Each structure stands twice: as structure tokens, then as C-alpha cells.
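Summary of structural features
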Amino acid sequence: MLTRRALLMHGACALAAIAGPPPFLVRAAGAAEARGKILVAIFQRGAVDGLSMVVPHGDAAYYAARSSIALGRPRRGDAATSLDLDGFFALHPALAPLLPLWEARTLAIVPACGSPDVTRSHFDAQDYMESGTPGVKSTPDGWLGRAAGALPADGATPFRSVALGARLPRVLRGDAGALALTSLERFEVQGASQPAVSQRGFESLYREGVRDLLHGTGRETFDAVKMLKSAGAARLTPANGADYPRGRFGESLRQIAQLVRAEVGLRIAFADVDGWDTHVGQGADQGQLANRLRDFSAALAAFARDLGDRLADVVVLTMSEFGRTVAENGNRGTDHGHATAMLVLGGGVRGGRIYGRWPGLAPEQRFEARDLAVTTDFRTLFHDITTHHLTIPPTTPLFPGWTPAGARLGLFG
């Protein structure tokens, strides 16, 4: 009989005596032998203003619609103006840390991307984007959860799919299972179908019961805690001079980098960052939005630097539920819109390019006469990444009800 005392005294050896080698040890060996491609998905919750992130300075209607919050046209040596990319589009100056990634052809931009659904509800639009089924509220799982289930099972570890946060997000729900972690250092691990199981190694896990430890979700959580200890992920310090900004988002990316570098079998990671709902006092080169973008870009740039050559196996995708109105409102902010800008950076990306068709910002070109129109369905972008980076077969139904026939942006060679 496996007693609490035996578990605490002998740990993995006690498990081995009745169940053979703990599966995390076998899985860790498999992960070290064959490194898989990794997708890191980042959700900018609150509807980021894509027209300020990626400024269409070549479209005169942009300046006509935004008298106080428009970003200045690029001027060499002027840090308050936008940073030219291709003569038509520019980065917000707060995104300057990303410019070297663009110049190195590691960063690509899709500036008029979004959902075909017309809702302007944050809750509904986020739900649709995470489920991958615009307009359908009954979808039980998320598109990343379905993607995880489509990955090869051989060598899969408890860290195949991980979210940085206290709760498992909608996007990772599915039969494949996933973990939500708030802190590698504290081993606060939450399984997909249980409340927080944490924090003190064997002793706290034992309280879940030996039966749960050896079967199902309890066992997966036990494996995850043991694997983290074995790999020493939490002890890895940022490499190559990477300096993450303080705050939850920077900390999330730092810990994802630790999981990547520790070779624990990570294939899909998710993090989110809020604060993008800029109805009042949005600002231009300085202010509320600029401060958020500064932290956002510094964290992304630190992540890329931290990974170094390992970035060749990683793609980072940013998304937001919708964009903002073309015209500023009476409070020098913007209201809920339609299309926004999404970023793709990392290994294999044909960067230094703008993807998708620009619809224009003149009043007659806008969606419902007020918003940037969607010309790239977000499912086209996501499908391009799952097919050509994660190498999931293109016919896999990751987005129920949608047919990807001919839908390719060409982000990958």
C-alpha cells in the first residue's frame, strides 16, 4: 500500500514501485530527442487600436478622421513620429523595440484582420475568436485546444499546451488537455478540469488522493510538477541580455521562454494582456495607449532576444477581439470597431512584409461607414500558422463550419 509517508519520503521512487517509471520521465526524454515547433498566442483583450499600432500614414483619411490622436508621419530623427515600414504603413513609436525584428524579416503584419461577425461586445467577440467559430456561442472547445489534439501524441508531455494565468482560457479547452500556471517558481499548477492544485509539491498533491494521483488529471498534474523540478525551468535566467519589463505580461513571456528553453515538450503557449479599451484619453505618441504599447513591445522584443537561435522553432501570434473606430470620439479616444492589426513573428515567417488587402479609410470604404473593414478573416491567418508552422494537416477541422479552400496568406515559404 502506498502511504502518505511513503509518498513524501520516496517521491517518484514510491510511484515507480507500483506503477513503473513515471511517464513524465519518458516524455521528457522524447522531448529532448525531437524538438517540435512552438506557437505562442497572445490575446490583447479590450480591442486594441490597430490604426495606432500600425499607422496607415499613406492614407490621407487617417489624418482627416483623427485630429488629436493621429500619429505623425515618419520623420527621420523625430522620436515623436511613427516609424516607417514600407512607405505606407508605420509602427507606433512606442513599438520601436519591434523595428529590428521587422528589419531582420522576422516580423510580419496583417493590418486589416478580424472576425466576420459584426458584434461589438467584448465578451462575445473574445469568445468567438477563442472558439474559432464566429457567431456560434455553443462551441464547447477552443481552436488551440483542437490544434493540440491534432498534434502527434508521441512524446507528448504535460506541457504540450500551457496558459500563463490563474484559469484555463477558452481557447485551450478541449480533449487534449492543457495546464494553466501562474508561477513556475511556486509551482502553482491548475489542470484543465480541476480548480487550482498547488503549491507544495508531493504533500499538497497527496491530499488529492492516491487514486487521483495515479490516474487522469491528477496524475498529469503530478507529472507536470515533477517535470518542472527535473528540468529546472524556474532557475533559467533570461539569456542574451534580455530585459523583460516588470508586470504580468512581461513575466508571462519570461516564463514561457523558460519553458521553451527547458525543453519540456511545449508546443502551444498562451498569454493575455488587457488594458486596450481606450474610450477616453487614448493619446498619440504619449499617453495611455503609448504606455501599453511600450510595455507590450519591450516584452516581445525581450522574448525574442531571450530565445536567441531557439526562436527559429517559435512563432508568436498576437490577436485582439476587434479594433477601434476610424474617427476619434469626443473624449479623444476611440470606440468599439471592427478590424485591427495582428502581428506574427518568429522562425520561418516571411517577415518584413504587410499581408492582406488594405480596404482604405475613406468614409465610403469603411465598414458600416465607421470602422476599418475586415479583409483578412482571422481564421485564414490562424490556419496559415497551424498548417505551415505546426504542420497540422490543412483539412483538420480546427474551425468548424469554415472551409479553408484557397485561404492562404503566404506567411511561410
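Let us look at the nonpolar core. Formed by 74 residues in total, the largest nonpolar core has its most connected members in Val40, Ile42, Phe159, Leu253, Ile256, Phe303 and Val314. A per-element tally of this core places helix 13 (residues 288-307) first, with 10 residues. Each residue touching Ile42, except ones within four places of it in the same chain, is listed here: Phe249, Leu253, Ala271, Val273, Phe296, Leu300, Val316, Leu317, Thr318 and Met319. Core analysis: the second largest hydrophobic core is formed by 39 residues, Val110, Cys113, Val344 and Phe382 among them.

With respect to the helices and strands, the residue Thr376 is situated in strand 12 (residues 376-377). With sequence-adjacent residues up to four places away left out, Thr376 is seen in contact with Val110, Ala112, Cys113, Gly114, Gly356 and Leu409.

Turning our eyes to something else, we now look at the packing of aromatic side chains. Scanning the entire structure with this criterion turns up 10 aromatic pairs. Ring centres of Trp143 and Phe382 lie 4.5 Å apart, and the angle between their planes is 15°; on these two criteria the pair is classed as stacked. Of this pair, Trp143 sits in helix 8 (residues 143-150) while Phe382 sits in helix 14 (residues 378-388), and the two are 239 residues apart along the sequence. Judged by relative accessible area, which is 0%, Trp143 ranks as buried. The exposure class of Phe382 is buried, given its relative accessible area of 0%. Taking the centre distance of 5.4 Å and the plane angle of 15° together, the rings of Phe249 and Phe296 count as stacked. Of the two residues, Phe249 is situated in helix 12 (residues 248-261) and Phe296 in helix 13; the sequence distance between them amounts to 47 residues. Overall, the relative accessible area of 1% leaves Phe296 in the buried class. Cluster of aromatic residues (ring-pair linked, three or more members): Trp143, Phe378, Phe382, Phe399 and Trp402. The ring of Tyr63 has Arg73 lying over it, and the distance from NZ or CZ to the ring centre is 4.1 Å. Positioned above the aromatic ring of Trp276 is the side chain of Arg292, whose terminal nitrogen or guanidinium carbon lies 5.7 Å from the ring centre.

On to the sheet that holds strand 4 (residues 90-91). Ordered in space as 2-4-3, the three strands form an open sheet in which the pairing is antiparallel. Single-partner strands in this sheet number two, and they are strand 2 (54-55) and strand 3 (83-84). The pairing of strand 3 with strand 4 spans two bridges and is classified as antiparallel. What sits directly across from Leu83, in strand 4, is Leu91.

With that settled, consider the pairing of strand 9 (residues 268-273). Burial within strand 9 is extensive, with six of its six residues counted as buried. Neither face of strand 9 is open: one carries Ile268, Phe270 and Asp272, the other Ala269, Ala271 and Val273, and all of them are buried. Pairing of strand 1 (residues 38-44) with strand 9, which is carried by six bridges, proceeds in the parallel orientation. Counted as the bridge partner of Leu39 is Ile268 from strand 9.

For Ala304, the position within the fold is in helix 13. The exposure class of Ala304 is buried, given its relative accessible area of 9%. Along the sequence, Ala304 and Val314 sit 10 residues apart, while their C-alpha atoms lie 9.3 Å from each other. Other than its neighbours up to four places away in sequence, Ala304 contacts Leu101 and Leu311.

A few words on the confidence of the model for the protein. Overall, the predicted model of the protein reaches an average pLDDT of 85, with 83% of residues at or above 70. Confidence over residues 188-216 falls short of pLDDT 50; this stretch has 74 contacts with residues more than four positions distant or in other chains.

Applying the stated criterion across every chain yields a total of 21 salt bridges. We note a salt bridge from Arg170 to Asp127, for which the minimum N-O separation is 2.8 Å. Residue Arg170 is located in the loop between strand 6 (161-164) and strand 7 (179-183), and its partner Asp127 is located in helix 7 (residues 122-131); the two are separated by 43 residues in the primary sequence. For the pair formed by Arg170 and Asp127, the shared burial category is buried. As a salt-bridge pair, Glu251 and Arg254 come within 2.4 Å of each other at their nearest N and O atoms. Placement of the pair is Glu251 and Arg254 together in helix 12, with a separation of three residues, close to one helical turn. Beyond isolated ion pairs, a larger network of salt bridges with shared partners links Lys37, Glu263, Arg310 and Asp313.

Parameters and conventions
Residues numbered from 1 in each chain as written. Predicted model: local features only at pLDDT ≥ 70, side-chain atom pairs only at ≥ 80, totals over all residues. Heavy atoms only, no water. Core = buried A, V, L, I, M, F, W, Y, C linked by side-chain atoms within 4.5 Å. Buried < 20%, exposed > 50% of the residue type's maximum accessible area, 1.4 Å probe, protein only. Helix = DSSP H or I, 4+ residues; strand = E, 2+ residues; numbered from the N terminus. Contact = heavy atoms within 4.5 Å. Phe/Tyr/Trp six-rings, centres within 6.5 Å; stacked < 30°, edge-to-face > 60°. Lys NZ or Arg CZ within 6 Å of the ring centre and 35° of its normal. Pairing = 2+ DSSP bridges. pLDDT = per-residue confidence, 0-100. Salt bridge = Lys/Arg side-chain N within 4 Å of Asp/Glu carboxyl O.

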